[in-house]
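Chain residues, written in single-letter form:
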Amino acid sequence: MRAWKYFAAGLILGIGLTWGWFTLFPGDRGSEPALPATAAARQQAQPFAVIYDFYRALDEGREEACRSLVSPELQAALNSKPFIQQLQSLRQQDPSLRFVFFLIKEQAVDLQAGTAWARGNAEWVAQNRGTISLPQKILLLNQQGRWKIQAIEEQGGKDAHL
């Protein structure tokens, strides 16, 4: 039994001294983050966040934010896009229309070329009409380190019309 007491006292003393050492002398023991392993994944997800930000800004009527998320070419043609006109018309009929999310069904990213695309549905909810799905393909381009929407293509389908 005596050996057990010495062992327990040594264990407690060892833990206490180790804790004290690291508390009194913290030094620079922080490990480097695993940036190289996760950098590609973070860059890959970033272009698709632009889609959500664009639709959220469109929903909230923040035109300046919408313009900052699209390429200059799309910026000039944005107001003539059929889905924009349909959304404006529906919003006049039912002010409860709100953007919910963009459901991505297919996607691809080419970090070398700085391009990406996503095919999916922009989901909107209106109090009188329920859920409205707009099937679209969105093309993205990395311009000077920032992802921007280059084109929005209407996709055919039964949900394509409001």
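The structure presented is a predicted model; accordingly, all values stated were derived computationally and were not measured.

Asks: Just to check I follow, could you spell out unusual backbone geometry for this structure?
Replies: As a rule of thumb, non-glycine residues mostly have phi less than zero, and peptide bonds are mostly trans rather than cis. Phi is positive for Gln 144, close to 55°, though the residue is something other than glycine. Mapped onto the secondary structure, Gln 144 falls in the loop between β3 (130-143) and β4 (146-154).

Asks: Sorry if this is basic, but what is going on with the packing of aromatic side chains here?
Replies: The geometry of two aromatic rings is summed up by the distance between their centres and the angle between their planes. Overall, the coordinates contain 6 aromatic pairs when judged by the stated rule. Geometrically, the ring pair formed by Tyr 55 and Phe 99 is stacked, given 5.3 Å between the ring centres and 15° between the ring planes. Residue Tyr 55 is located in helix α2 (residues 35-60), and its partner Phe 99 is located in strand β1 (residues 98-110); the two are separated by 44 residues in the primary sequence. What makes Tyr 55 buried here is its relative accessible area of 0%. Since its relative accessible area comes to 3%, Phe 99 is described here as buried. Between Phe 99 and Trp 124 the ring centres are 5.4 Å apart and the planes differ by 65°, which places this aromatic pair in the edge-to-face class. On the criterion of sequence distance, the pair formed by Phe 99 in strand β1 and Trp 124 in strand β2 (residues 115-126) is long-range, its members being 25 residues apart.

Asks: What's the story with the side chain of Asn 121 in this structure? I'm lost.
Replies: Considering the arrangement of structural elements, one finds Asn 121 in strand β2. Dropping the residues within four chain positions of it, Asn 121 is found in contact with Phe 101, Phe 102, Leu 103, Lys 105, Ser 133, Leu 134 and Pro 135.

Asks: Would you explain the pattern of salt bridges in this entry?
Replies: Pairing of side chains with opposite charge becomes possible as their charged atoms draw close. Counted according to the given criterion, the structure contains 7 salt bridges. Here Asp 59 and Arg 56 are joined by a salt bridge, their closest N and O atoms 3.3 Å apart. Taken together, the positions of Asp 59 and Arg 56, both in helix α2 and 3 residues apart, correspond to about one turn of that helix. Owing to a relative accessible area of 6%, Asp 59 belongs among the buried residues under this scheme.

Quick notes on the rules
Residues numbered from 1 in each chain as written. Predicted model: local features only at pLDDT ≥ 70, side-chain atom pairs only at ≥ 80, totals over all residues. Heavy atoms only, no water. Helix = DSSP H or I, 4+ residues; strand = E, 2+ residues; numbered from the N terminus. Phe/Tyr/Trp six-rings, centres within 6.5 Å; stacked < 30°, edge-to-face > 60°. Buried < 20%, exposed > 50% of the residue type's maximum accessible area, 1.4 Å probe, protein only. Contact = heavy atoms within 4.5 Å. Salt bridge = Lys/Arg side-chain N within 4 Å of Asp/Glu carboxyl O.

Structural measurements only, silent on function.
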